[in-house]
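Read off the chains here:
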Amino acid sequence: MGSSRGVGVALAVVACVVSGCASESPEAQDREASTPTTDTATDAQVQDRWVSSGLDVHSELSATADSIVYAGVEDEQLQIVALDPASGAERWRRASDVSARIRGVGLEIYTDDDTAYFLTREPSDGSSMAVRSASAGGNSGSGGLSLTAVITASGETRWSTPLAGEANPNATGCGPSVCLVVETAAGEEVWRFDPQTGDVQGTAEVSLPGGPGHDAFLSGIDDEDISTFITASRGPVIIGQHSASGATLDWARPVDEVFGGEDVSPNGGWAGWPTDDGGWVIWLGSGKRPPGQPQAGDTFERGAVGGVTADGSPRWVRPDRHPCVFALAEVPVVCDGILTMTSNSTGSARPDMMEGIDPLTGATTWQLDLGGAVDEFDSSADVLRIDDVTLLITTAAGLQLVDLRSGATPGADADAVGWCQPDLNQDDAIAVRGDTEDYLRSAGSYPCRLGGESVDEPASFPVPDFAGVHSGEYSAWVVDGAVHAQRQP
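Residues numbered from 1 in each chain as written. Predicted model: local features only at pLDDT ≥ 70, side-chain atom pairs only at ≥ 80, totals over all residues. Heavy atoms only, no water.

1. Focus: the packing of aromatic side chains
Part 1: In total, this model carries nine aromatic pairs according to the counting rule given.
Part 2: Between the aromatic rings of Tyr 110 and Tyr 117, the centroid separation amounts to 5.7 Å while the plane-to-plane angle is 35°, which identifies the pairing as tilted. Residues Tyr 110 and Tyr 117 agree in their burial class; the two are buried.
Part 3: On the numbers, 6.0 Å between centres and 10° between planes, the contact of Trp 159 with Phe 193 is stacked. A residue pair is termed long-range when its members are at least 10 positions apart, and Trp 159 in strand β9 (residues 157–162) and Phe 193 in strand β12 (residues 187–193) qualify at 34 residues. Grouping residues by exposure puts Trp 159 and Phe 193 together as buried.
Part 4: Among the aromatic residues, those joined into a cluster by ring pairs are Tyr 110, Tyr 117, Trp 159, Trp 191 and Phe 193. (Phe/Tyr/Trp six-rings, centres within 6.5 Å; stacked < 30°, edge-to-face > 60°. Buried < 20%, exposed > 50% of the residue type's maximum accessible area, 1.4 Å probe, protein only. Helix = DSSP H or I, 4+ residues; strand = E, 2+ residues; numbered from the N terminus.)

Okay, structure coming up:
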């Protein structure tokens, strides 16, 4: 499946429409799993504010109660890093693995209160660990790939459980357990792990019937809970809902039934939002993709947005609409327009219209004429995000303060400090299968004024969840690949 986040597949929106999001399944391989270590932050000076000086950030930031966690890339090797939130000192670093990650989907390291969970591949660093047998189904692991739990304060491995195949590296929560999508001989399976012991509590085959497998994960009921989730297969396209952490297939419907014959596919991108009554709002990108490598000047349609009930029955379809990339939030907001390639790997999109929609009816609740003023793929000069649902947007008619729930309101403050999203056409080269592949970098959001001018610190603390994380008394965010953190007043 494509991603372990709901609207957190924002970055999948970007890269999928540019280069496609067909699933890739790297073969098992042995790589040296070096584990560079650094001095711990035990004696490091506590600071009110600091900027990291180690590896640039590749993934979204994560955090436990005692550490800030992220993935970086060193010599084309993926590394997981933990920082002391009070000083920025590096606690530990551990080699990780991209495994079956889709190149156009961002990476986020799953954490709970004191532990980080990520993929590792043997040979190990030789440290002592409890290796748990993947007893459910009798699997004994494949290619040395394991899901590993590391205590963030110390860097000690709590457990490392071998897997029966390649895996999506985006682990996530599922009720009280940790879940991971594993590719086995039987198809894609959701594995549930005991977070304390690493024991496999159960597995569930989740490839939708009638599809080819390697389904795209559209949304869970929560950003960190996939107890119930929806997926879409890739040609033929089937949309379905699983519950009980994948053990129960509640419904599965052909895409033509859900989208009324619109030519859509997760290979062109995807996103999903749960509705209050158990239904879903779903975006699938266009299924029309010319053969060969995209070239500058090529144009792509953006798909359609639709709504379904709790049993998958279609509610409504909005053709020629897609989620506004610069306004992805818990509230679905859509834009019109096409994507134009600016090179063989980067794109630009300037919608004319931005609309709020009623999740239950699909009706337009408010409308804003953008007039092509905002490039969805590089919006830092024209969009300032104030909080989770409030944006300052430059339109053809001038500056507008926009509440994503209710639309534009008067009173825009051109000097306000908020958050800018940098250019989303960024990636890092990572070694895989004896070669290198470019994987999407999660660029984060940085404190700024409208126009993209960076400012020293956010307007308020704690920083909003879309922009950063919180660990202990500190908030942290990313600027130009470096972690910035500040003690909360």
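2. A few points about the nonpolar core
Part 1: Within the largest apolar cluster, 19 residues are counted, with the highest numbers of intra-cluster contacts made by Leu 218, Ile 239, Val 255, Phe 259, Trp 270, Ile 282 and Leu 284.
Part 2: Elements with a minimum of two residues in this core: β14 (216–222), β15 (225–232), α2 (255–259), β18 (264–274), β19 (280–286) and β21 (304–308). (Core = buried A, V, L, I, M, F, W, Y, C linked by side-chain atoms within 4.5 Å.)

3. Section: the sheet that holds strand β6 (residues 110–111)
Part 1: Strand order in this open sheet of four strands is β6-β7-β8-β9, and the pairing throughout is antiparallel. Two strands lie at the open edges of the sheet, namely β6 and β9, each paired on one side alone.
Part 2: In this structure, strand β8 (residues 145–151) lies alongside β9, joined through five bridges in antiparallel fashion. Considered in β9, the bridge of Val 150 is made with Thr 157. (Pairing = 2+ DSSP bridges.)

4. What to know about the state of the cysteines
Part 1: Taken as a whole and assessed by the stated rule, the structure comprises three disulfides.
Part 2: Between the sulfur atoms of Cys 174 and its disulfide partner Cys 179 the distance amounts to 2.0 Å. In this structure, the disulfide formed by Cys 174 and Cys 179 twists by about 85° around the S-S bond and is classed as right-handed.
Part 3: For Cys 179, a relative accessible area of 1% puts it in the buried group.
Part 4: For Cys 324, the disulfide goes to Cys 335, at an S-S distance of 2.0 Å. Residues Cys 324 and Cys 335 are joined through a disulfide that is right-handed, its torsion about the S-S bond being 110°. A residue pair is termed long-range when its members are at least 10 positions apart, and Cys 324 in the loop between β23 (322–323) and β24 (333–335) and Cys 335 in strand β24 qualify at 11 residues. Neither Cys 324 nor Cys 335 differs from the other in exposure class; each is buried. (Disulfide = S-S within 2.5 Å.)

5. Examining the sheet that holds strand β17 (residues 248–254)
Part 1: Taken together, four strands build an open sheet; the order of strands is β14-β15-β16-β17 and the sheet is antiparallel. Because the sheet does not close on itself, it has two edges, and the strands there are β14 and β17. Across the sheet, the axes of successive neighbouring strands diverge by a mean angle of 20°, strand direction being ignored. (Axes fitted to C-alpha atoms, helices over the stretch in contact; angles between N-to-C directions.)

6. Overview of the pattern of salt bridges
Two side chains of opposite charge can pair, provided their charged atoms sit close to one another.
Part 1: Per the stated rule, a full pass over the model turns up 17 salt bridges.
Part 2: Linking Asp 84 and Arg 91 is a salt bridge whose minimum nitrogen-to-oxygen distance equals 3.7 Å. Neither Asp 84 nor Arg 91 differs from the other in exposure class; each is buried.
Part 3: For Glu 355, the salt bridge goes to Arg 321, with nearest N and O atoms at 3.1 Å. Residue Glu 355 is found in strand β27 (residues 353–357), and its partner Arg 321 is found in the loop between β22 (314–319) and β23; the two are separated by 34 residues along the sequence. Of the two residues examined, Glu 355 and Arg 321, each falls in the buried class.
Part 4: When salt bridges that share partners are traced, they join Asp 48, Glu 473 and Arg 487 into one network. (Salt bridge = Lys/Arg side-chain N within 4 Å of Asp/Glu carboxyl O.)

7. Some remarks on the environment of His 58
Part 1: You can see His 58 is positioned in the loop between β1 (49–51) and β2 (62–63).
Part 2: Under the relative-accessibility criterion, His 58 is labelled buried at 0%.
Part 3: With sequence-adjacent residues up to four places away left out, His 58 is seen in contact with Ala 71, Gly 72, Val 73, Leu 78, Arg 101, Leu 107, Asp 428, Ile 430, Tyr 439, Leu 440, Arg 441 and Ser 442.
Part 4: Within the structure, His 58 has its side chain in polar contact with the side chain of Asp 428 (distance 2.7 Å). (Contact = heavy atoms within 4.5 Å. Polar contact = N/O pair within 3.5 Å; in protein donor to acceptor, adjacent residues only side chain to side chain.)

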